[in-house]
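# Inside the fold
The chain contents come next:
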Amino acid sequence: MGIVEEAHNVKVLGSGDRVIVLAHGFGTDQSVWKHLVPHLLEDFRVVLYDNMGAGTTNPEYFDFNRYATLEGYAYDLLAILEELQVDNCVLVGHSVSAMVGAIASISRPDFFSKLVMISASPRYLNDVDYYGGFEQEDLDQLFEAMGANYKAWCSGFAPLAVGGDMESVAVQEFSRTLFNMRPDIALSVAQTIFQSDMRQILGLVTVPCHILQSVKDLAVPVVVSEFLHQNLGGESIVEVMTSDGHLPQLSSPDIVIPVLLRHIRYDIKA
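Residues numbered from 1 in each chain as written. Predicted model: local features only at pLDDT ≥ 70, side-chain atom pairs only at ≥ 80, totals over all residues. Heavy atoms only, no water.

## Describing empty space enclosed by the protein
Put simply, the rule reads: Cavity: a set of points on a 1 Å grid over the protein atoms alone where a 1.4 Å probe fits but cannot get out. Pocket: an open set with protein on both sides within 12 Å along at least five of seven lines, its lining residues, like those of a cavity, having an atom within 4 Å of a point. Grid points are joined across faces, edges and corners, and a volume is the space filled by probe spheres set on the points. Here a strand is any run of E in DSSP of at least two residues, a helix any run of H or I of at least four, and the numbering for each starts at the N terminus. The classification used treats Ala, Val, Leu, Ile, Met, Phe, Trp, Tyr, Cys and Pro as nonpolar, Asp, Glu, Lys and Arg as charged, and all other residues, Gly among them, as polar.
Scanning all chains against the criterion turns up two cavities of 30 Å³ or more. In terms of lining, the largest cavity is formed by 14 residues, of which the most central are Phe26, Ser95, Phe157, Phe194 and His246. Secondary structure elements with two or more residues in the lining of the largest cavity: α5 (150-162) and α7 (183-194). Residue composition of the lining of the largest cavity, grouped by class: ten nonpolar, four polar and no charged. Together, 14 residues line the second largest cavity, and Gly25, Phe26, Asn51, Met52 and Val189 are the ones closest to its centre. Taken together, the residues of the lining of the second largest cavity sort by class into eight nonpolar, six polar and no charged.

## What about helix α3 (residues 96-107)?
Helical geometry: 3.6 residues make up each α-helical turn, so side chains three or four residues apart lie on a common side. As a reminder of what qualifies: Helix span, expected: 1.5 Å multiplied by one less than the number of residues in the helix. In this scheme, a residue with accessible area under 20% of its type's maximum is buried, one over 50% is exposed, and one in between is partly exposed, where area comes from a 1.4 Å probe on protein chains only. For this analysis, residues touch if any pair of their heavy atoms sits within 4.5 Å.
Here α3 is twelve residues long and its end C-alpha atoms lie 18 Å apart, about the 16 Å a rise of 1.5 Å per residue gives. Most of α3 is tucked away, with ten of its twelve residues classed as buried. Every buried residue of α3 is accounted for by Val96, Ser97, Ala98, Met99, Val100, Gly101, Ala102, Ile103, Ala104 and Ser105. For α3, the secondary structure elements touched by its buried residues are β2 (18-23), α2 (71-83), β4 (89-94), β5 (112-118), α7 and α8 (222-231).

## Some remarks on the sheet that holds strand β6 (residues 209-216)
Quick reminder of the rule: Strands qualify as paired when DSSP identifies two bridges or more between them. Every axis corresponds to a line fitted to the C-alpha atoms, with the helix fit spanning only the stretch in contact, and the corresponding angles, defined between N-to-C directions, vary from 0 to 180 degrees.
One open sheet holds the seven strands; their spatial order is β1-β3-β2-β4-β5-β6-β7, and the pairing between them is mixed. Two strands bound the open sheet, and with one partner strand each, they are β1 (11-14) and β7 (236-244). Taken pair by pair, the neighbouring strands of this sheet meet at an average axis angle of 20°, ignoring direction. Pairing of β2 with β4 involves four bridges; the strand directions are parallel. Counted as the bridge partner of Ala23 is Gly93 from β4. Contacts between α2 and the sheet are confined to β2, β3 (44-49), β4 and β5, with β5 contributing the most and set at about 135° to the helix.

## Some remarks on the nonpolar core
For clarity, the threshold we go by: The term nonpolar core refers to a set of buried residues drawn from Ala, Val, Leu, Ile, Met, Phe, Trp, Tyr and Cys, joined through side-chain atoms within 4.5 Å.
Judged by nonpolar contacts, the single largest core of 97 residues is most densely connected at Leu22 and Phe112. Every residue in contact with Phe112, bar those within four places of it in the chain, is listed here: Leu77, Leu78, Leu81, Asn88, Cys89, Leu91, Ala104, Ser105 and Val207.

## What to know about the packing of α5 against helix α6 (residues 169-180)
Going by this rule: Angle categories are assigned with fixed cut-offs, so that under 35 degrees is roughly parallel, over 145 is roughly antiparallel, 65 to 115 is roughly perpendicular, and the rest are oblique. For any helix crossing, the convention is left-handed if the near helix is rotated counterclockwise from the far helix by under a right angle, and right-handed if that rotation is clockwise.
Running from N to C, α5 and α6 point in directions that differ by 140°, and their axes come no closer than 9 Å. Put simply, α5 runs oblique to α6. Two packed elements cross with a definite hand, and for α5 against α6 that hand is right-handed. Between α5, through Tyr150, Lys151, Trp153, Cys154, Phe157, Ala158, Pro159, Ala161 and Val162, and α6, the contact on the second element is made entirely by Ala170, Val171, Phe174, Ser175, Leu178 and Phe179. Tallied by class, residues from the contact of α5 with α6 come to 13 nonpolar, one polar and one charged.

## A word on the packing of helix α4 (residues 136-148) against α5
Where α4 contacts α5, the two axes come as close as 5 Å, and the packing angle between them is 130°. Of the possible angle classes, the one that applies to α4 and α5 is oblique. Residue-level inspection shows Leu142, Ala145, Met146 and Ala148 of α4 in contact with α5, the latter providing Tyr150, Trp153 and Phe157. Of the residues contributing to the contact of α4 with α5, the split by class is seven nonpolar, no polar and no charged.

In short, shape yes, function no, at least from these values alone.
Here's what the structure looks like:
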């Protein structure tokens, strides 16, 4: 196993001809895909990895300068594909990793046959003629709460992000992976993500994009999926699912997994 693979806990499963790469979002790790993976193993080679900064990675490897922008994560994704000698794949990116995949696809469009984006947003802050869902004051309060008492913040944020009550398995699972992150790293990652603005690069994304979105998501209003659809440079399609929350593949697998499989297997019709 190469250095990059080891650092990111890369796993390659399944035996199909086509490669599918599963990239998780903030506060989770590759375990967030546990409901999806079994459905892919017969038809695909499945690549799982952890973003640097996830609780499952070595915090000593987290370079605060490198990961102050989303490009740092995009370089990691491309390095993993190169080390595994994957020259074409379907990327399923959740939350921030959907945008990371978009950035990576600009420099190496040949690596990606399509991007399947779940709960993706190019910008979380509201702006003139743009609704991202948050005001700067909201984000400042969020960062302050994370810095003051990270464990308490996790307990409050997890049910809001997942949707549902504190007792649900999905909320407990997200709480676990959130709390596994080192607090200073979690705050830095959250600041990088929530302050990011990827709107200007969307037109450079030429690979087909399948945009999947929960009808109710604390972090990403439904209008954001339409903004992506209108501004991406290549073909795109939007499906708003009846699921609730920002991690629907974890909290509503019965609804989301069939939708995901359909978008993975079928291309956008001309």
